4 protein chains.
Amino acid sequence: MSKNAYFPNVSGISYEGPQSDNPLAFKYYDANRRIAGKTVKEHLRFAVCYWHSFCANGSDPFGSGTLNHPWEAASNPLDRAKRRLDAAFEFFGKLGAPYYCFHDRDLAPEGETVKESEANLRTLVSLAKEQQKATGVKLLWGTANLFSHPRYMNGAATNPDFRVVAHAAAQVHAALEATVELGGSCFVFWGGREGYSTLLNTDMKRELDNFGKFLGLARDYGRKIGFQGDFLIEPKPMEPSKHQYDFDAATTIGFLRHYGLDQDFKLNIEANHATLANHTFAHELQTAADAGLLGSIDANRGDSQNGWDTDQFPTNIYDAVESLLVILGNGGFKHGGINFDAKVRRNSIDLDDLFIGHIGAMDTFAYGLEVAVALIESSAIAKVRSERYRSFAQGAGLDFTRGSLNLTQLRDYAADLPAIKAESGKQELLENIVNQYLFRGGKG
Amino acid sequence: MSKNAYFPNVSGISYEGPQSDNPLAFKYYDANRRIAGKTVKEHLRFAVCYWHSFCANGSDPFGSGTLNHPWEAASNPLDRAKRRLDAAFEFFGKLGAPYYCFHDRDLAPEGETVKESEANLRTLVSLAKEQQKATGVKLLWGTANLFSHPRYMNGAATNPDFRVVAHAAAQVHAALEATVELGGSCFVFWGGREGYSTLLNTDMKRELDNFGKFLGLARDYGRKIGFQGDFLIEPKPMEPSKHQYDFDAATTIGFLRHYGLDQDFKLNIEANHATLANHTFAHELQTAADAGLLGSIDANRGDSQNGWDTDQFPTNIYDAVESLLVILGNGGFKHGGINFDAKVRRNSIDLDDLFIGHIGAMDTFAYGLEVAVALIESSAIAKVRSERYRSFAQGAGLDFTRGSLNLTQLRDYAADLPAIKAESGKQELLENIVNQYLFRGGKG
Amino acid sequence: MSKNAYFPNVSGISYEGPQSDNPLAFKYYDANRRIAGKTVKEHLRFAVCYWHSFCANGSDPFGSGTLNHPWEAASNPLDRAKRRLDAAFEFFGKLGAPYYCFHDRDLAPEGETVKESEANLRTLVSLAKEQQKATGVKLLWGTANLFSHPRYMNGAATNPDFRVVAHAAAQVHAALEATVELGGSCFVFWGGREGYSTLLNTDMKRELDNFGKFLGLARDYGRKIGFQGDFLIEPKPMEPSKHQYDFDAATTIGFLRHYGLDQDFKLNIEANHATLANHTFAHELQTAADAGLLGSIDANRGDSQNGWDTDQFPTNIYDAVESLLVILGNGGFKHGGINFDAKVRRNSIDLDDLFIGHIGAMDTFAYGLEVAVALIESSAIAKVRSERYRSFAQGAGLDFTRGSLNLTQLRDYAADLPAIKAESGKQELLENIVNQYLFRGGKG
Amino acid sequence: MSKNAYFPNVSGISYEGPQSDNPLAFKYYDANRRIAGKTVKEHLRFAVCYWHSFCANGSDPFGSGTLNHPWEAASNPLDRAKRRLDAAFEFFGKLGAPYYCFHDRDLAPEGETVKESEANLRTLVSLAKEQQKATGVKLLWGTANLFSHPRYMNGAATNPDFRVVAHAAAQVHAALEATVELGGSCFVFWGGREGYSTLLNTDMKRELDNFGKFLGLARDYGRKIGFQGDFLIEPKPMEPSKHQYDFDAATTIGFLRHYGLDQDFKLNIEANHATLANHTFAHELQTAADAGLLGSIDANRGDSQNGWDTDQFPTNIYDAVESLLVILGNGGFKHGGINFDAKVRRNSIDLDDLFIGHIGAMDTFAYGLEVAVALIESSAIAKVRSERYRSFAQGAGLDFTRGSLNLTQLRDYAADLPAIKAESGKQELLENIVNQYLFRGGKG
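Residues numbered from 1 in each chain as written. Chains lettered and ligands numbered in written order. Predicted model: local features only at pLDDT ≥ 70, side-chain atom pairs only at ≥ 80, totals over all residues.

### Brief notes about the overall build of chain A
Within chain A, the regular secondary structure consists of 16 helices and 14 strands. Relative to its length of 444 residues, chain A is compact, with a C-alpha radius of gyration of 24 Å against a globular reference of 22 Å. With the C-alpha coordinates of chain A rotated into their principal frame, the extents come out at 80 × 60 × 45 Å. Across the 444 residues in chain A, those meeting the buried criterion constitute 64%. (Helix = DSSP H or I, 4+ residues; strand = E, 2+ residues; numbered from the N terminus. Rg over C-alpha atoms; globule rule 2.2 N^0.38 Å. Buried ≥ 20, exposed ≤ 12 C-beta atoms within 10 Å, placed from the backbone.)

### Examining the interface of chain A and chain D
Interfaces are often sized by the accessible area lost when the parts come together. Taken together, the contact pairs 42 residues of chain A with 42 residues of chain D. Only helix H12 (351-378) and helix H16 (427-440) of chain A provide two or more residues apiece to the side of chain A that touches chain D. With nine residues, H16(A) is the largest single contributor of residues to the side of chain A that touches chain D. Taken together, the residues of the side of chain A that touches chain D sort by class into 13 nonpolar, 20 polar and nine charged. (Contact = placed C-beta atoms within 7 Å. Nonpolar A, V, L, I, M, F, W, Y, C, P; charged D, E, K, R; others polar.)

### What about the relation of the copies chain A and chain D?
Here two copies of a chain appear, and what relates them is a rotation about an axis with a shift along it. Under the fitted operation, chain A is carried onto chain D by 0.0 Å of movement along the axis and a turn of 180°, and the coordinates agree to an RMSD of 0.0 Å. As the rotation angle and translation indicate, the two copies are arranged about a two-fold axis. When the interface residues of chain A are mapped onto chain D, 100% of them are again interface residues, pointing to one common binding face. (Least-squares fit on C-alpha atoms with pLDDT ≥ 70 in both.)

### A closer look at the nonpolar core
Of all hydrophobic cores here, the largest spans 578 residues; its most connected members are A:Tyr100, B:Tyr100, C:Tyr100 and D:Tyr100. Other than its neighbours up to four places away in sequence, C:Tyr100 contacts C:Ala47, C:Val48, C:Tyr50, C:Ala88, C:Phe92, C:Val137, C:Leu139 and C:Leu140. (Core = buried A, V, L, I, M, F, W, Y, C linked by C-beta atoms within 7 Å.)

### Considering the interface of chain B and chain A
Taken together, the 74 residues of chain B in the interface contact 74 residues of chain A. For the side of chain B that touches chain A, the per-class residue count stands at 37 nonpolar, 20 polar and 17 charged.

### Description of the sheet that holds strand S5 (residues 46-49) of chain C
Around the barrel, which closes on itself, the eight strands sit in the order S5-S6-S7-S8-S10-S12-S13-S14 (chain C) with parallel pairing between neighbours. Strand-to-strand, the axes of this sheet are offset by a mean angle of 30°, without reference to chain direction. (Pairing = 2+ DSSP bridges. Axes fitted to C-alpha atoms, helices over the stretch in contact; angles between N-to-C directions.)

### Looking at the sheet that holds strand S7 (residues 138-143) of chain A
All names here are of chain A. On the basis of which strands lie adjacent, the closed barrel formed by eight strands has the order S5-S6-S7-S8-S10-S12-S13-S14 and parallel pairing. Pairs of neighbouring strands in the sheet enclose a mean axial angle of 30°, with direction left out of account. With two bridges joining them, strand S13 (residues 294-298) and strand S14 (residues 338-340) adopt parallel strand pairing. Bridge pairing in S14 places Asp 298 opposite Asn 339.

### Considering helix H14 (residues 395-402) of chain A
Those residues of H14(A) not exposed but buried are A:Ala396, A:Gly397 and A:Phe400. Projection of H14(A) onto a plane perpendicular to its axis shows the buried side chains occupying an angular sector of 105°, all on one side. Turned more than 90 degrees away from the buried face of H14(A) sit A:Gly395 and A:Arg402, all of them exposed. At its buried positions, H14(A) is contacted by helix H15 (407-415) of chain A together with helix H6 (162-181) of chain B. A:Gly403 sits one or two residues past H14(A) and shows a positive phi near 80°. (Arc of directions from axis to C-beta.)

### A short note on the packing of helix H5 (residues 114-135) of chain B against H6(B)
Residue and element names in this part refer to chain B. The geometry of H5 relative to H6 is characterised by a closest axis approach of 10 Å and an angle of 15° between their N-to-C directions. The orientation of H5 with respect to H6, classified from their angle, is roughly parallel. Like other packed secondary-structure pairs, H5 and H6 cross with a definite hand, here right-handed. Only Ala 170, Ala 174, Ala 178 and Glu 181 of H6 make contact with H5, whose side of the interface consists of Val 114, Glu 118, Leu 121, Val 125 and Lys 129. (Parallel < 35°, antiparallel > 145°, perpendicular 65-115°, else oblique. Left-handed = near helix turned anticlockwise from the far one by under 90°.)

### Considering the packing of helix H16 (residues 427-440) of chain B against helix H12 (residues 351-378) of chain C
The interhelical angle for the contact between H16(B) and H12(C), taken along N-to-C directions, is 25°, at an axis separation of 9 Å. It follows that H16(B) is roughly parallel to H12(C) by the angle criterion. Regarding H16(B) and H12(C), the two cross each other, and that crossing is left-handed. Between H16(B) and H12(C), the contacting residues are B:Glu428, B:Leu429, B:Glu431, B:Asn432, B:Asn435 and B:Phe439 on the first element and C:Asp353, C:Ile356, C:Gly357, C:Ile359, C:Gly360, C:Asp363, C:Thr364 and C:Tyr367 on the second.

### Describing the environment of A:Val165
Topologically, A:Val165 is positioned in helix H6 (residues 162-181). Taking the C-alpha atoms as reference points, A:Val165 and A:Gly155, ten residues apart in sequence, are found 8.2 Å from one another. Not counting the four nearest positions on each side in its chain, A:Val165 is found in contact with A:Ala157, A:Asn159, A:Asn210, A:Phe214 and B:Phe400.

### Structural notes on unusual backbone geometry
A cis geometry characterises the amide bond from C:Glu239 onward to C:Pro240, with omega recorded as 10°. The residue C:Pro240 is located in the loop between strand S10 (230-233) and strand S11 (243-244) in this model. The phi dihedral of C:Ser379 falls on the positive side, at around 55°, and the residue is not glycine. Topologically, C:Ser379 is positioned in the loop between H12 and helix H13 (380-388). Note on C:Ser379: 11 C-beta atoms within 10 Å, which makes it exposed. Despite not being glycine, D:Asn278 has its phi angle at roughly 65°, a positive value. Position of D:Asn278 relative to the elements: it lies in the loop between helix H9 (271-276) and helix H10 (281-290).

### Focus: H12(C)
All names here are of chain C. For H12, spanning 28 residues, the distance from its first C-alpha to its last is 42 Å, which sits close to the expected 40 Å at 1.5 Å a residue. The buried count for H12 comes to 22 of 28 residues, which makes it a mostly enclosed element. A positive phi of about 55° marks Ser 379, the residue just after H12. (Expected span 1.5 Å × (residues − 1).)

### A few points about the domain arrangement of chain A
Residue and element names in this part refer to chain A. The domain boundaries assigned to chain A delineate domain 1 (14-378) and domain 2 (381-440). On a C-alpha basis, the centroid separation for the pair domain 1 and domain 2 is 38 Å. Across the contact, five residues belong to domain 1 and four residues belong to domain 2. Among the secondary structure elements, those contributing two or more residues to the side of domain 1 that touches domain 2 are helix H11 (317-329) and H12. Counting residues per element, the side of domain 1 that touches domain 2 draws most heavily on H12, which supplies three residues. Grouping the amino acids of the side of domain 1 that touches domain 2 by side-chain chemistry returns five nonpolar, no polar and no charged. (Domains from an automatic or database assignment.)

### Quick notes on the relation of the copies chain B and chain A
For these two chains of identical sequence, chain B goes onto chain A by a turn of 180° and a shift of 0.0 Å along the axis, with RMSD 0.0 Å. Comparing contact sets, 100% of the residues at the interface of chain B also lie at the interface in chain A, consistent with an isologous, same-surface contact.

### A closer look at the pairing of strand S10 (residues 230-233) of chain D
All names here are of chain D. Burial along S10 is two-sided: the residues Asp 230 and Leu 232 and Phe 231 and Ile 233 are all buried. Sheet topology note: the strand S8 (residues 186-189)/S10 ladder contains four bridges and is parallel. In the sheet register, Phe 189 faces S10, and the bridge partner there is Ile 233. Here S10 runs beside strand S12 (residues 265-270); their pairing, made up of three bridges, is parallel. Within the sheet, the bridge partner assigned to Ile 233 lies in S12 and is Leu 267.

### Examining the environment of C:Ser241
All names here are of chain C. Take Ser 241: it is sitting in the loop between S10 and S11. It is 41 Å that separates the C-alpha atoms of Ser 241 and Ser 11, two residues lying 230 residues apart in sequence. Discounting residues that sit within four places of it in the chain, Ser 241 has contacts with Gly 192, Arg 193, Gly 195, Tyr 196 and Ser 197.

### With respect to the pairing of S8(D)
Residue and element names in this part refer to chain D. Burial along S8 is two-sided: Cys 186 and Val 188 and Phe 187 and Phe 189, pointing in opposite directions, are all buried. Across three bridges, the pairing between strand S7 (residues 138-143) and S8 is parallel. Paired with Thr 143 across the strands is Val 188, a residue of S8. On the question of chirality, the crossover connecting S7 to the parallel S8 by way of helix H6 (residues 162-181) is right-handed. (Right-handed = clockwise from strand over helix to strand, strands pointing away.)

Quick look at the structure:
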């Protein structure tokens, strides 16, 4: 098949530098530039998501599809899937994305039976493997779509009907095999239907127990067939469910620890899910990092005025800088990366809009990386922060840290203190420093 | 002192029944009526909160106080505290509230030194003990105010300055002693300043470690001095802090378990805090109950349009019914109860408004109790709910529940199933049933 | 065609009274009961909406349809439309709904051309007219669907492409004719796509000017062909658009007045749209009523935790009481009524769930009507309210009201006043009164 | 008095350029740099607000003051006011702020009587006039504080008690005189208490009528005493009131037009108020500009996770760029300017934090000005936008614009059209362009 079948007007996106006005060129993402010991590409590990980019058609709850992608023209579902795969790899290559991510049902259509679905998936996995080999593009993570089919309307792993739970298990079984076959670094669970519509009909405790059990079985099978990457849970508070069990990072961490899953599972944090849960993206990342459970990120952006997942391309430089500060502070990505769980707007119907969306996102993170590295290397923020905690480094503060004081001893210590002069938190100073580095911009 | 010094126009609130139009009478709260094996009073364990009712003056961020309570007239802080105590017990008695709750600083003023503060508190505790004895009113819970004083502006147990941590410990030390002396059933921690204003200056992990340590020391001291009730944490997501560590029930449960505190600590769930965290009150209660950690409730209501803690009196009957369904399903209160963490509006400046606020709240919960008991006794909801999970009671579903199936066995089971017919969740039916019982109303 | 083709298991919903446990019976909606001078049916003017009840299939942004309605079985779009019409009127009749509402595309499928679409619509209108005649069910309002087709992705009347504006005009042209032909009382505009996705590409002023012009042309044509009812605009702040021009009642009223449309247009207020705009339902209704522009209501309910239009059946009794207080205070409905813009949950897939949803909603409003009438007849609330404004009824207050004082005279009046003693707003008292009447319940 | 009495450690803030790390220097705000025909200072017209900077003490709803400003040390209220004035002008001078803004009660304390309050105000106005003369600092706007005193707890101009309305009039009377005396460019109304706590006790229509009347009287008096600037209304949706009448720009514009006030009144748009009303700052500005009613701005920033007015210093560069695009597109400020209605965080207690907060804000807007001017001069955005509306510039589109087509003619036009190919909205492209210019940064 031609390598120009689906995006004939785009030959490839290259780095042209900040002064370029070419909408189809990178201004900041210079993949092989070295910074802080690695190339930009190695730091950021960008992945394109299959579903928004190649499966979605622009429909929304109030309107039908607006995007008539050429790869959807075939009448047979399996043929469509093959064309979609060709289009996807053509896109990955032209964009220069090192990774991609998929759901089982993105890659291959559901069949009439479990076995037929598995066969379809194996067919496409085999083709994807060839494409990976030919292009060098790798699989960041795979996952099973346990939310689109009507059978999952009451939940997948947490469905009150055991038969549906078993069906979900079958899908995960096959999706794990596909991920291992394709050398995926991670395997993700996003529980869009794992939650409830009303507590009136829900036994939340039982459903969570089933959920914990289900994930444990998936873990066991994955390890058995040789998966060595991270299992990831992607928190989201709601939508489509009224309430989702993996509400936010803290909830999910508590769940993983309670069910003994925290040695194998980490978190995949999405920016838009963070804000839907009324947290900042940075908060969710830091919470995961502090628990040793930061795995990967879904980079996108929501709309503060819209109470649903808008999945816009991440173009907010503050989000990029703040998230990279946490990620770099955590040692960078190991198995995870930056997946663009983002879609062009429903009315962005030109084929080049898909490139433009990704270019803007990649430039934003590339610029953000320069800023974050400069902030870290200057210690401009870290110095102010660590200075605040100096009282725990010696004397009674150190004793407290070591656990050698009881409440009465603390009380006695306080009773003998002279009046305490509180210290400024210096928030405005720190915010100015962020802007200062941000405005100063990138490379020398 | 006269028992009519502060509320001379109210002689006492009595039950007059649903047809009464007397604003200063109960229409539904018939304290000694027996229902579901206990009196209404024993079920609901109502407590009046000291701070909103007797300390607050109606000021808000944009305006000064509107309430000129007669008990605040004394010029000396300790005298004011004594008058406040008299007013409070006069009110408790006239309202017929069996319990009350306080912060150390509500009861007694802060002194110049730790020792002076402790002495002030002991003075007032001794007077409160007499009042309790004379009236039969009991202490539901005590707590330490670790948020009002400027020293806590950067946190109390999580302050970056160890001296402030020690000061907080001193306050908890004294407040625990006061609570034990007064026979309090619970001791509460609400961490209004335990959180952050910006992550830029915050070492969240260290602060949470300190928080866990601090609570453990408090627990140890409480048990040492004979406290046998529940330690309670009250989740709230924000306000005054930008972000509070005890964000919601799930976050707090995860925290308690991680720091080994879940044998002694339970949760105190507040309705308005639940909605600020984007949960329903019932969700937070059920989450706590499922973890075996439902301790007590702060009954109030927020305003869906206002993004702060409005602490209005609880008059929404749905909240009352839904919360009582969880509480009764959990076996009722053990040490906890229903504390009205609620205040009259800033412009409700008549002294009788304070009675009216409490009356409305108590009637709402009393009516709600009738509805909740009727719903439980009829099993109208429980039957629909349990029927949904029937597939886990036998066969492969039971095997799964018992943990005797692996992922491949689940997959094989699913592969052999005929097409699954999904089952209706019957949400509308269940909602209608709630309304039906609610509209049918109370006692025959 | 059989009158039992689609809902064979339901023979008809009748009033059985509060003690009935029959899920398929009314407990409170006694259509012909007289209260406050009219029958309940005449007061409430219930309408079933065509789209949610007969066109929607349960799909959501993350999942495909769950409802396989028997009337959708035909392969030809026009045949499906005819069956849908039969099903709808069978349902209206069995439920006892006096009215219904539709979009052009609910009733008849879009054709390849404007003319074909018009012909399809005329065919179905003719059949609907027969059904109306046969059953006595009437059309509350018609409207044109200017949001589902991809051509409207950038707006309909506010599209930057004039051709799309013209196409929208053609649809309104035909939908107006259909509404007149079927004797509809109102014609509604809901501008789901009249707004923007980003201001960066939007000339808001020009779009609003076009919108005003468009509505004026529709009004002129409607009046020309004999439409004597109300044109209605239905405010909504967002979804599907990022921002919608008809944001809320106040915005829409300002718009109607600015473009000279307020003699012919009124508002159709939806509960869930009110809360998405961060208002209460009652606030939006009162705002419209105060402007003399309250036309009709879309009764449903949202979910405070979910930031999108959940369109649940209205079962919250407070919403019913508060909205009826405004509506009755405004003299009741003239052309408008209570349309249930509500859908059963995606997992409520039993055919009887559709009846159950409507029954709960109708019972809620019927019960609410009893409460609202009792509140009005007792003047329990009105007395407190009017007493607050007594100072404007005489003296300088009356002079001010009449406009005969200038600022200096007001200043002089104030300068001579003794200190002003503020008066309690009595909010808790009024809230208790609402609950008191609500708990006392319906008919004697 | 010494010019170094209150901020002895700061000699003055000067421009040091982007590479400076001095926290007490401007990195981007180069006041006299010329760009787009004016100096930066003339474009931005920065004003310091008196209340947050010199009156507030860091208290919040859960804690007492943290800021012990040296100018508050005097025991007599009038002496405190004089010292505060000295401190303020010392600060204005050292910061290099060309303007300031105040409420009557910021400047001078309320007296026992109207006359005493007026006398206090006149005393301070006279001193402020001297300071203005000595320093060249000007008054951007004055206003009357009609929300802090308990008398206003039920509203000021919309109070149900006429005596309070008259009292509010007296305050406006004096504040207008003060503003005229000091040569203020604008006079602002922010109606923090003009709204309701519950509709149950509120006659909204009457209150709005009174509000319209009141503003008309103020306008008449202002014009009579020679005020030639703009009267401004500052919308805010809520807080402290449950609902405020000046909810947002569209609501306020409708109100001004309805009461015939739109010739004299414009809007003062605050960023944090915009987001509390669920709009973007840019949306509110554009709405005002489109109505010809954009007067001035209150630049600050809120916190998306906190549902109250956090009034943080504006450091978000997107807000700065987007707002300046609207302001420059509207011809720049005439009477208005950029007032920093912002406060340092409660725990930012160092005196230099107040400078740092302002420096960061001024640098952000200065940088934003460069970006906005570059975007405008390149037409990079404007070209894409205007191209979208090209169909209205000729043919039938132009006829429609001119009002010469009726609905039937539009329908006929549409009926004859070939299928319409929708056009991409190019949102991602435009967002990338904004970032591109933003990242490219300022001056050569």
